[in-house]
Amino acid sequence: MTPKDIQRLYDQVGVYINKGLLLEALNNVKRLIKEAAATEFVSEWEIIDENYRTLLKYSFEGYQDPQRQTILTSLSASILGMADAVFNLLMIRHLPFKRAERARLTSIFGEDHLVISGRIREFLFHREIDQLMEESDIKSGEDTPAESMDNVFKMIWLTEKIMDFHLDLVNQVNESEHVPWHEKCLLVSALTLSIFNYFDVRKFKILISFVNRREKGVYQRALTGLILCLIWHDSRLSKYPDLEEELRELFLDETIRGESELVFLQLLTARETEKITREFEEEVLPGMKKMMPRIEDKLQLGEITGDMDDKNPEWKDLMEDDPGLYEKIERFSRMQMEGSDVFMGTFSMLKRFDFFSSMSNWFLPFYKENPALEQIFPPDDPYHKQLFEGLEKAFYICNSDKYSFALNFAIIPAQQRSMIVSYFEAELGQMKELMDEEQILDQSLFSNSVITRYIQDLYRFYKLFPAHNEFTDVFQSKIRFRDLSFYRRYLERSSFIERVAFFHFEKGNWDEAVDMYSYLSETTEPRADIYQKIGYSWQMSGNFKEAIGFYRRAELFDSDQLWILNKLGWCHMKLEEYDEAIRRFQQALQLSPDDTRLQGQLAQCYIQQHDYESALQIYSRLRFFDPSNLKVLRPIAYCMFVIGQVKESEEVYDEILTDPAHKSMYDYMNAGHVKLCLGKRKEALELYRLSLTGLEAPWTQFFQAFEEDIPSLIKNGIQPAEIPLLKDYLMYHF
């Protein structure tokens, strides 16, 4: 079997279990066991199969067992657990990084779980941090404490089932005042990855215990990991009643509910990262690169000396050369402050330091005492300590990027280090003042910052870690709240659903916006604005029929009638239902008779219906208010031509062609038609020639448009027999 075949069979086990088709699930597991040649699972499979047969026998031979559902739930969990074990056994053959790490760790720790647990305990509890720099009982050769911690991290990640002694150890770590908070954070991250790797109820319970202890900086990561794992394993949670009970109790806490919502929102924001990175690279970086020569010349960067605190007044002048760039930079800065991941593209190239070859370092919180940072700077370096203190407090940069920044800082010249530290401290001072003021008003800002940066750390791991292809990217799948059983059971509230819906609406995620506003409409009283937003989302995604249906529902509320009528007219026009579009636009104009945009849309419908006289009347009125508007002059000239007002049409086309910047091939062609009908053949031929200039497929495009105008040419006096001759003449000469 290929990895895809194995994955498909394994996924089907879960689907069958949720449908109550346990025999189908068992048959799939049997196929997986056979593929793995894993005879150690055969007896377990036979026991489950026999128990299920017995349950079916009693159920259909007249015996009513009140415990039947409990037994079915237990059997389902057993089948899923066996499927997990066989699936992992099969898949590790195709995962070289995971397979190599497991073999390496076995050579270091051995295979006795009690011995492994004891050595980890020794590392975590019986060494002060400074002593660990010199000795550790779990070292392999010359392992540093960081390398030893990385080994512990990977041991937890690769642990499939948590035993009692594991549970005791982790609970001691959670309660201990001696284990540093940043090491607890690593254990939380390792547990999170471990749950993705292999489902185990005890792992969930450990994360819950970290959340319940509320240690600052640790529990926010535990809650984030818990939410991610609940999303990932949502379909099977109902098979573990004791876990459900702990979750129910956890989410009764209003603070945890609020912070869970922060996690959800930031996970949604993380899914916007690729789009943000693309926009930044396409909209901001090119402008900044173009500006660099001007910056160097205007600011005389090669001659900067002395005090670096003063801001140069010419910076504003530079931005005035490209005002759009300034607004774009401001917008991206604001997005970063609000939690969007603007720095992903910038720092992605700075993950090649040896520091990031250790898997655990992708999850390590930034702390200024980290020995891995201290050892890359000489003791007399005057700048790095200032930088580390600043980075530790910087709430707008994720931990992974802070390490990238610090490591890159070590390889730049001293003069530039001084400049960077000066600017960084100035900006940080302003940010810190703002943050301190806001935190007085809202203590949840700290949790929001930890959650946001941690999710950005996770995002970088799943996208940039050298062996990331061996990890299923948890950021790829969409979050469908209406389908999340645990969300609906413990966390659902309409105010948050509306917040998520608005998030998607503002981001232009129209399918998700439709889904969330539809979900909201099912859980709240009917509201006009909800139907309006569903209609608008359908419209923006191109489904005009669905949009019309929801606009009509909104219309029943007798509010925002002008806006709704306008949208209804537009959607009918896009569906080429011009009679209904005209009716709606006329209704809208009764409410706003001077709306030039509505008048233009109505005129456009008349043109599509070939009612050029009605269209011309409207465009003529619009011309009175904006005499030189090409969007008005073009249809006026064309309508005049079609209805036989050729001389008047010529005058308007002459005016259109005086604009050197906005003429199109159709302007030249239609003006050529008019000249031809007036007998000005030489001028007509020149205009046709200009119409052909610059077209990629000139004859195809030209004659396709020309064919549409033949009836109007004949109506205005051109003989039908002359038209093919004209075409041939144009092809000979142009």
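Residues numbered from 1 in each chain as written. Predicted model: local features only at pLDDT ≥ 70, side-chain atom pairs only at ≥ 80, totals over all residues. Heavy atoms only, no water.

A. Structural view of the overall build of the chain. Looking only at helices and strands, one finds 37 helices and zero strands in the chain. Summarising the internal contacts of the chain: among those between residues at least 6 apart in sequence, 66% fall at separations of at least 24. By element, 52% of the accessible surface of the chain is carried by carbon and sulfur atoms, the whole surface being about 36800 Å². (Helix = DSSP H or I, 4+ residues; strand = E, 2+ residues; numbered from the N terminus. Contact = heavy atoms within 4.5 Å. Areas by Shrake-Rupley, 256 points an atom, 1.4 Å probe, with all protein chains shown as cover.)

B. Region of the structure containing the confidence of the model for the chain. Taken over all residues, the pLDDT of the chain has a mean of 86, while the share at 70 or more is 87%. Per-element mean pLDDT across the chain ranges from 46 in helix 15 (residues 314–321) up to 98 in helix 11 (residues 219–232). Scored below 50 in pLDDT, residues 127–141 makes 25 contacts in the model with residues more than four places away or belonging to other chains. In this model residues 291–319 is a low-confidence stretch, pLDDT under 50, and it forms 28 contacts with partners more than four residues away in sequence or in other chains. (pLDDT = per-residue confidence, 0-100.)

C. Expanded view of helix 33 (residues 646–656). Among all positions in helix 33, only Val646, Ser649, Glu650, Val652, Tyr653 and Ile656 are buried. Looking at the buried residues of helix 33, the elements they touch are helix 31 (612–625), helix 32 (630–642) and helix 34 (665–677). (Buried < 20%, exposed > 50% of the residue type's maximum accessible area, 1.4 Å probe, protein only.)

D. Representation of the environment of Arg552. Take Arg552: it is sitting in helix 27 (residues 544–555). Sequence separation between Arg552 and Gly535 is 17 residues, and the spatial gap between their C-alpha atoms is 8.9 Å. Non-local contacts of Arg552, meaning those with residues more than four positions away in its chain, are made with Leu568, His572, Glu580 and Arg584.

E. Structural detail: the side chain of Asp401. As for its placement among the helices and strands, Asp401 is situated in helix 20 (residues 399–409). By relative accessible area, Asp401 is classed as buried at 0%. Contact partners of Asp401, with chain neighbours within four places excluded, come to Phe343, Phe347, Lys351 and Arg460.

F. The arrangement of the pattern of salt bridges in detail. All told, the structure shown has 50 salt bridges when counted by the stated rule. The shortest N-O distance in the salt bridge between Glu160 and Arg102 comes to 3.7 Å. You can see Glu160 sitting in the loop between helix 7 (145–158) and helix 8 (164–175) and its partner Arg102 sitting in helix 5 (residues 96–109), a full 58 residues away along the chain. Here Glu160 falls in the partly exposed class, since its relative accessible area comes to 25%. (Salt bridge = Lys/Arg side-chain N within 4 Å of Asp/Glu carboxyl O.)

G. Region of the structure containing the environment of Ser664. Position of Ser664 relative to the elements: it lies in the loop between helix 33 and helix 34. Classification of Ser664 by relative accessible area gives partly exposed; the value is 23%. Once the C-alpha coordinates of Ser664 and Leu690 are considered, the two residues, 26 residues apart in sequence, prove to be 9.4 Å apart.

H. Region of interest: the packing of aromatic side chains. Going through the model one piece at a time under the given rule, you end up with 49 aromatic pairs. Each ring, one from Phe199 and one from Tyr240, has its centre 4.8 Å from the other, and the planes form 35°; the classification is tilted. Here the residue Phe199 occupies a position in the loop between helix 9 (181–197) and helix 10 (201–213), and Tyr240 occupies one in the loop between helix 11 and helix 12 (241–250), the gap between them amounting to 41 residues. Taking the relative accessible area as the measure of exposure, Phe199 reaches 4% and is therefore buried. Between Phe481 and Phe496, the ring centres sit 5.9 Å apart and the planes meet at 80°, which makes this aromatic pair edge-to-face. With Phe481 in the loop between helix 22 (444–464) and helix 23 (485–491) and Phe496 in helix 24 (residues 494–507), this residue pair connects regions lying 15 residues apart in the sequence. The burial state of Phe481 is the same as that of Phe496; both residues are buried. The ring of Tyr219 carries Arg214 above its face, with NZ or CZ at 5.7 Å from the centroid. (Phe/Tyr/Trp six-rings, centres within 6.5 Å; stacked < 30°, edge-to-face > 60°. Lys NZ or Arg CZ within 6 Å of the ring centre and 35° of its normal.)

I. Structural view of the nonpolar core. Of all hydrophobic cores here, the largest spans 163 residues; its most connected members are Phe264, Phe481 and Phe486. Residue contributions to this core peak at 12 residues, all from helix 4 (residues 68–91). Counting residues in each nonpolar core, the second largest holds 57 residues, with Ala581, Leu598, Cys677 and Ala684 among its members. (Core = buried A, V, L, I, M, F, W, Y, C linked by side-chain atoms within 4.5 Å.)

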